[in-house]
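The primary structure of each chain is shown beneath.
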Amino acid sequence: MKKIKFEKNGKIFTLKAIVCENKDLIKFMNRDYFLKLCKNGCSNYNKNWSCPPNSPKFDEFSADYTNSLLVEVTSEVRDKEDYMEAYIENRSTLEALLSKMQIDFECLKTSCGTCNICKRCALLDNKNCYHPEEMRYSMEAMGMDLAKLSEEIFDHKLTWNSENKKSNICTSIGSILFNGTFLEDDFCDLARNYRF
Ligand code: SF4
């Protein structure tokens, strides 16, 4: 696993990247459990083509690829900063890197949350996705247990904001799927040299 730190808008981000075989990631998939959680607790359930129950299972989605480069970005939630602001910043940082990598290395990225390409998802108007070539699914939407994955693979326990306890660390996880060889160093070099 590679770990680097970089600065964006005066804020320090820590990035960890690791290559895994997709067959070894299937153990983190618990699609039925997360489908139920989404259905009972998420306002995006069945309101976006990228979200359950419209998202595929990770094993189906990754079937044509042997490997994933998993990337975890963490940043501190600054004093007075809203957790959601930190999340948006984290997400856009990671999405920018993965999108760049998708082009440079001809691989397929997963997203870090619900697709937000359109202001109003076509699903709400009973239409097909307007940008199927660009739209991506997140690993959690494909049934992956990211809390377990983060703890086992990145040695990092995810924390969330709750009414009783504020989290001062914001974490986002994304990935790219690829075949053949690919080095964690390639990603770290790209991240180091990326101009946000
Ligand atoms: S690209 Fe637009 S229509 Fe397609 S999933 Fe994303 S928000 Fe919905």
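Predicted, not measured: the structure shown is a model, and the values here were computed from it. (Residues numbered from 1 in each chain as written. Predicted model: local features only at pLDDT ≥ 70, side-chain atom pairs only at ≥ 80, totals over all residues.)

Undergrad: I keep staring at the overall build of the protein chain and nothing clicks. Help me out?
TA: Check the secondary structure of the protein chain and you find 6 helices and 5 strands. The order of helices and strands in the protein chain, counted from the N terminus, is β-β-α-α-α-β-α-β-α-β-α. The globule rule puts the C-alpha radius of gyration for 196 residues at 16 Å, and the 16 Å found for the protein chain is close to it. Viewed in the frame of its principal axes, the protein chain has a C-alpha envelope of about 45 × 40 × 30 Å. Restricting the contact set of the protein chain to residue pairs at least 6 apart, pairs at least 24 apart contribute 74%. (Helix = DSSP H or I, 4+ residues; strand = E, 2+ residues; numbered from the N terminus. Rg over C-alpha atoms; globule rule 2.2 N^0.38 Å. Contact = placed C-beta atoms within 7 Å.)

Undergrad: What exactly am I supposed to notice about the pairing of strand β5 (residues 169–178) here?
TA: Burial analysis of β5 places 9 of its 10 residues in the buried class, which makes it a mostly covered element. As paired strands, strand β3 (residues 67–76) and β5 are joined by 10 bridges and run antiparallel to one another. Bridge pairing links T74 to T171 in β5. Relative to β5, strand β4 (residues 108–110) runs antiparallel, the two being bridged by 3 bridges. Opposite T110, over in β5, you have S175 as the bridge partner. (Buried ≥ 20, exposed ≤ 12 C-beta atoms within 10 Å, placed from the backbone. Pairing = 2+ DSSP bridges.)

Undergrad: Help me understand the site of the ligand in this model?
TA: In the vicinity of the ligand, the contacting residues are N48, W49, S50, C115, I117, C118, C121, A122, C129, Y130, H131 and M135. Residue composition of the shell around the ligand, by class: 9 nonpolar, 3 polar and no charged. (Near = placed C-beta within 6 Å. Nonpolar A, V, L, I, M, F, W, Y, C, P; charged D, E, K, R; others polar.)

Undergrad: I tried to follow the environment of M29 on my own but got confused; where do I start?
TA: Looking at the element boundaries, M29 is found in the loop between α1 (22–25) and α2 (31–41). The class of M29 is partly exposed, set by 19 C-beta atoms lying within 10 Å. A C-alpha to C-alpha distance of 21 Å links M29 and M1, two positions 28 residues apart in sequence. For M29, the residues in contact, after removing those within four places along its chain, are K57, F58, D59, G143 and M144.

Undergrad: What am I meant to see in the pairing of β3 here?
TA: Sheet faces and side chains relate simply in a regular strand, where the side chains alternate between the two faces. Burial runs high along β3: 9 of the 10 residues are buried. Sheet topology places strand β2 (residues 11–21) next to β3; 9 bridges connect them, and they run antiparallel. The residue bridging T14 from the neighbouring strand is T74, located in β3.

Undergrad: Explain the sheet that holds strand β1 (residues 2–8) here, please?
TA: By way of backbone hydrogen bonds, the strands of a sheet pair with one another, either parallel or antiparallel. Here 5 strands make up an open sheet; going across it, the order is β1-β2-β3-β5-β4 and the pairing antiparallel. Strands at the two margins of the open sheet, each flanked by one partner only, are β1 and β4. If you compare each strand with its neighbour and ignore which way they point, the axes differ by 25° on average. Packing against the sheet, helix α4 (residues 83–104) makes contact with β1, β2, β3, β4 and β5, and its axis sits at approximately 20° to β5. Contacting β1, β2 and β3, helix α6 (residues 184–193) crosses the sheet at an angle of about 10° to β1. (Axes fitted to C-alpha atoms, helices over the stretch in contact; angles between N-to-C directions.)

Undergrad: Is there a simple way to think about helix α5 (residues 146–154) in this case?
TA: An α-helical turn contains 3.6 residues, so a residue and the one three or four places further along point in the same direction. Looking only at α5, the buried set comprises L146, L149, S150 and F154. One side of α5 holds all its buried residues, which, seen down the axis, span an arc of 100°. The inward-facing, buried residues of α5 contact β2, β3 and β5. Trailing α5 by a residue or two, D155 shows a phi angle of about 55°, which is positive. (Arc of directions from axis to C-beta.)

Undergrad: Would you explain the packing of α4 against α6 in this entry?
TA: Angle between the axes and distance between the axes: these two values describe a pair of packed helices. The N-to-C vectors of α4 and α6 enclose an angle of 120°; their axes lie 11 Å apart at closest approach. Judged by the angle between their axes, α4 and α6 are oblique. At the point where α4 passes α6, the crossing takes the right-handed sense. Across from L97, K100, M101 and D104 in α4, the residues of α6 making contact are F187, L190 and A191. (Parallel < 35°, antiparallel > 145°, perpendicular 65-115°, else oblique. Left-handed = near helix turned anticlockwise from the far one by under 90°.)

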